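Results of the structural survey
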Amino acid sequence: MSSLTTPSLSPAARLRGLKPDWLADPKVWRTEVLAGLVVALALIPEAISFSVIAGVDPALGLFASFTMAVTIAVVGGRRAMISAATGAVALVIAPLNREHGLGHLVAAVILAGLFQVVLGALGVAKLMRFIPRSVMVGFVNSLAVLIFMAQVPEMRDVPWAVYPLIAGGLALMVLFPRITTAVPAPLVSIVILTAITVGAAIAVPTVGDKGTLPSSLPAPGLPDVPFTLDTLTTIAPYAFAMALVGLMESLMTAKLVDDITDTPSNKTRESVGQGIANIVTGFFGGMGGCAMIGQTMINVKVSGARTRLSTFLAGVFLMVLCVAFGPIVSDIPMAALVAVMVMVSFATFDWHSVAPGTLRRMPAGEIAVMVITVVCVVATHNLAIGVVVGSVTAMVVFARRVARFADVTSVTGPDGATVVHRVTGELFFASSNDLVGRFDYANDPDHVVIDLSAAHIWDASSVAALDAIGAKYARRGKTVEITGLNYPSARLHGRLSGELAAEH
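So, here's what we can say about the structure. (Residues numbered from 1 in each chain as written. Predicted model: local features only at pLDDT ≥ 70, side-chain atom pairs only at ≥ 80, totals over all residues. Heavy atoms only, no water.)

Turning our attention to a nonpolar patch on the surface. A surface patch of nonpolar side chains, about 460 Å² in accessible area, is lined by Phe148, Phe346, Trp351, Val354 and Leu359. Summarising the element assignment, Trp351 is placed in the loop between helix H15 (334–348) and helix H16 (356–361). (Patch = residues over 30% accessible without salt bridge, like charges linked within 9 Å, V, L, I, M, F, W, Y side chains within 5 Å. Areas by Shrake-Rupley, 256 points an atom, 1.4 Å probe, with all protein chains shown as cover. Salt bridge = Lys/Arg side-chain N within 4 Å of Asp/Glu carboxyl O. Helix = DSSP H or I, 4+ residues; strand = E, 2+ residues; numbered from the N terminus.)

The next subject is unusual backbone geometry. At Ala201, a residue that is not glycine, the phi angle is positive and equals roughly 55°. Of the residues examined, Ala201 reaches a relative accessible area of 66% and is grouped as exposed. Look at Asp262: it is not a glycine, yet its phi comes out positive at around 55°. (Buried < 20%, exposed > 50% of the residue type's maximum accessible area, 1.4 Å probe, protein only.)

Tallying each qualifying case throughout the model produces 0 disulfides. With no disulfide partner, Cys290 has as its closest neighbouring cysteine sulfur the one in Cys376, 19 Å distant. Unpaired in this structure, Cys322 has its nearest cysteine sulfur neighbour in Cys290, at a distance of 20 Å. (Disulfide = S-S within 2.5 Å.)

What follows deals with the sheet that holds strand S5 (residues 447–457). Spatial strand order, S3-S4-S5-S6: 4 strands in an open sheet with mixed pairing. Either end of the sheet is taken by a strand with one partner, and the two such strands are strand S3 (407–412) and strand S6 (479–483). Between one strand and the next, the sheet's axes are offset by a mean angle of 20°, whatever the strand orientation. Pairing of strand S4 (residues 418–427) with S5 involves 9 bridges; the strand directions are parallel. Bridged to Leu427 within S5 is Ile457. Across the face of the sheet, helix H21 (residues 487–496) comes into contact with S5 and S6 while running at roughly 120° to S5. (Pairing = 2+ DSSP bridges. Axes fitted to C-alpha atoms, helices over the stretch in contact; angles between N-to-C directions. Contact = heavy atoms within 4.5 Å.)

Turning to the nonpolar core, a few remarks are in order. By size, the foremost hydrophobic cluster in this structure holds 102 residues, and its most contacted members are Ile44, Leu62, Phe139, Met287, Ile298 and Leu318. By residue number, the principal contributor to this core is helix H3 (residues 26–54), which donates 12 residues. Setting aside residues no more than four positions away along its own chain, Leu62 makes contact with Ile44, Ala47, Ile48, Leu213, Pro214, Leu318, Met319 and Cys322. Membership of the second largest hydrophobic core comes to 22 residues, among which are Leu435, Leu452, Leu466 and Leu492. (Core = buried A, V, L, I, M, F, W, Y, C linked by side-chain atoms within 4.5 Å.)

Let us look at helix H17 (residues 364–380). Helix length check: H17 (17 residues) gives 24 Å between terminal C-alpha atoms against 24 Å at 1.5 Å per residue, within 8%. Residues of H17 that are buried include every one of Gly365, Val369, Met370, Thr373, Val374, Cys376 and Val377, and no others. One or two steps after H17, the chain reaches His381, where phi turns positive at roughly 60°. (Expected span 1.5 Å × (residues − 1).)

In this section: the packing of H3 against helix H12 (residues 293–302). In contact at an axis separation of 9 Å, H3 and H12 are set at 160° when each is read in the N-to-C sense. As the angle between them shows, H3 and H12 are arranged roughly antiparallel. The interaxial crossing formed by H3 with H12 has right-handed handedness. For the pair formed by H3 and H12, the contact residues are Ala35, Gly36, Val38, Val39, Ala42, Leu43 and Glu46 on the first element and Gln295, Ile298 and Asn299 on the second. Within the contact of H3 with H12, the residues separate by chemical class into 6 nonpolar, 3 polar and 1 charged. (Parallel < 35°, antiparallel > 145°, perpendicular 65-115°, else oblique. Left-handed = near helix turned anticlockwise from the far one by under 90°. Nonpolar A, V, L, I, M, F, W, Y, C, P; charged D, E, K, R; others polar.)

This brings us to helix H7 (residues 133–151). The end-to-end C-alpha distance of H7, which contains 19 residues, comes to 28 Å, matching closely the 27 Å that a straight helix rising 1.5 Å per residue would cover. Burial within H7 is extensive, with 14 of its 19 residues counted as buried.

The next point concerns the packing of aromatic side chains. Counted by the stated rule, this structure contains 8 aromatic pairs. Judged by centre distance (4.5 Å) and plane angle (45°), the rings of Phe349 and Trp351 are tilted. With relative accessibility at 18%, the residue Phe349 sits in the buried group. With 5.2 Å between their ring centres and 85° between their planes, Phe428 and Phe429 make a pair best called edge-to-face. Taking the relative accessible area as the measure of exposure, Phe428 reaches 11% and is therefore buried. Linked through ring pairs, Phe148, Phe346, Phe349 and Trp351 together constitute an aromatic cluster. Of note, Lys472 hangs over the ring of Tyr441, and the distance from its end group to the ring centre comes to 5.9 Å. (Phe/Tyr/Trp six-rings, centres within 6.5 Å; stacked < 30°, edge-to-face > 60°. Lys NZ or Arg CZ within 6 Å of the ring centre and 35° of its normal.)

Time to look at the environment of Val387. Relative to the helices and strands, Val387 resides in helix H18 (residues 383–403). Along the backbone, Val387 and Lys27 are 360 residues apart, and their C-alpha atoms lie at a distance of 38 Å. Setting aside anything within four residues of it in sequence, one finds Val387 in contact with Ile131, Val135, Phe139, Met248 and Met252.

A few words now on the pairing of S6. Bridge count between S5 and S6: 5 bridges; the pairing is parallel. By the bridge assignment for S6, Val449 is matched with Glu481. In the classification by handedness, the crossover that spans S5, the intervening helix H20 (residues 460–474) and the parallel S6 is right-handed. (Right-handed = clockwise from strand over helix to strand, strands pointing away.)

With that settled, the discussion passes to the side chain of Thr231. Note that Thr231 resides in helix H10 (residues 229–261). Given the relative accessible area of 6%, Thr231 is considered buried.

Shown next as structure tokens:
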């Protein structure tokens, strides 16, 4: 009697199979390391700017970017996505810091992280399925606009040398990949422009002009607040708002990276991971954060990173650059980073969505949803508000479109004693409200049949409309027979019919 055996692998072969891509493939390792370095350089001025918005010391924004990136690289659900201090979070918590001080802000960051863990465990990520494609396209395009708009102040009232430096940086990023892709073009651009400005002693704004870089690593500790119910009620509204904004931006960014890389992500794990990262950040005195879309695009789309290593190294390099190489980093011209972000904005924008051919084919409602999403985001500088308004608009457009498909056709029997009203389409609040007026109650014969074999009842409004129709016929001494209900419709109708107000 023979048996089939599976060839056993040697311990070395098994170990190779367990190695992550970046460790098994030197090319992947090089890509991830260089991508992490580029992102770290781009994070520094952004983190400092967001610290100013929140009204805190620049070091707190840099500490938050470090702890968020390092933590989410381990616990997050979307590989290669960058989380750090963000403008959306800064806007939410700035009033709390202004009115109650830094201790309350840090406590709110920790509480926001706890909220995110709970919301993630409850399955808030599943709500992503209700965000339509038109909203997603509007989200991407508004993001590109915001990234570009954020660079405009860096191009106003500056020395004339800034403009040729930005143009040179853009040219390098366009042309250098034609020579080689072994080194990310943004890194080459930053290095060359820094060498030119330092070597030629060109006086232009630099990273150092944004704020003082920290000279030591952050130390863990508890927030300096009284642990009382009053403190909790003060910080809870800000913490909950931060949790929602952070989760929405992070999940939308994760979905965008899914599409770009054609790989799935674990949205529930990402939601919980964002909470854990904010809790860690709060205990290290950071200002909190969420997924950073601009830097994620640098990492994934521009630099080609695909693993957690790039995210982890972005945080590590950020602190190394600040603590060990602060004077060198301070000399990087802002023009170099502006050029990188302008290139990111152009790469992020979905140009196909605004092409004349696409606009001619797209339904007007879809275009309206995309435009409304972009306008709301750009007007409020809040991606979460734009997504919510865009999604609600898309639902209204969808309801109006589906409601038009509900129709009634009537056929009177040969003997004239019976009329059959055949209802087609989806019956819900938007379509059933008009259904009551589609029948001739006075002139129909005594026996009325309402055929719903080509319709579906979705809600209580539809059942109430059918009850109202039956009541109107009953007042005229006529009987109504409802036929053709499918099982779900019959079940809903049987449970609610007669229990709702039928008078209209």
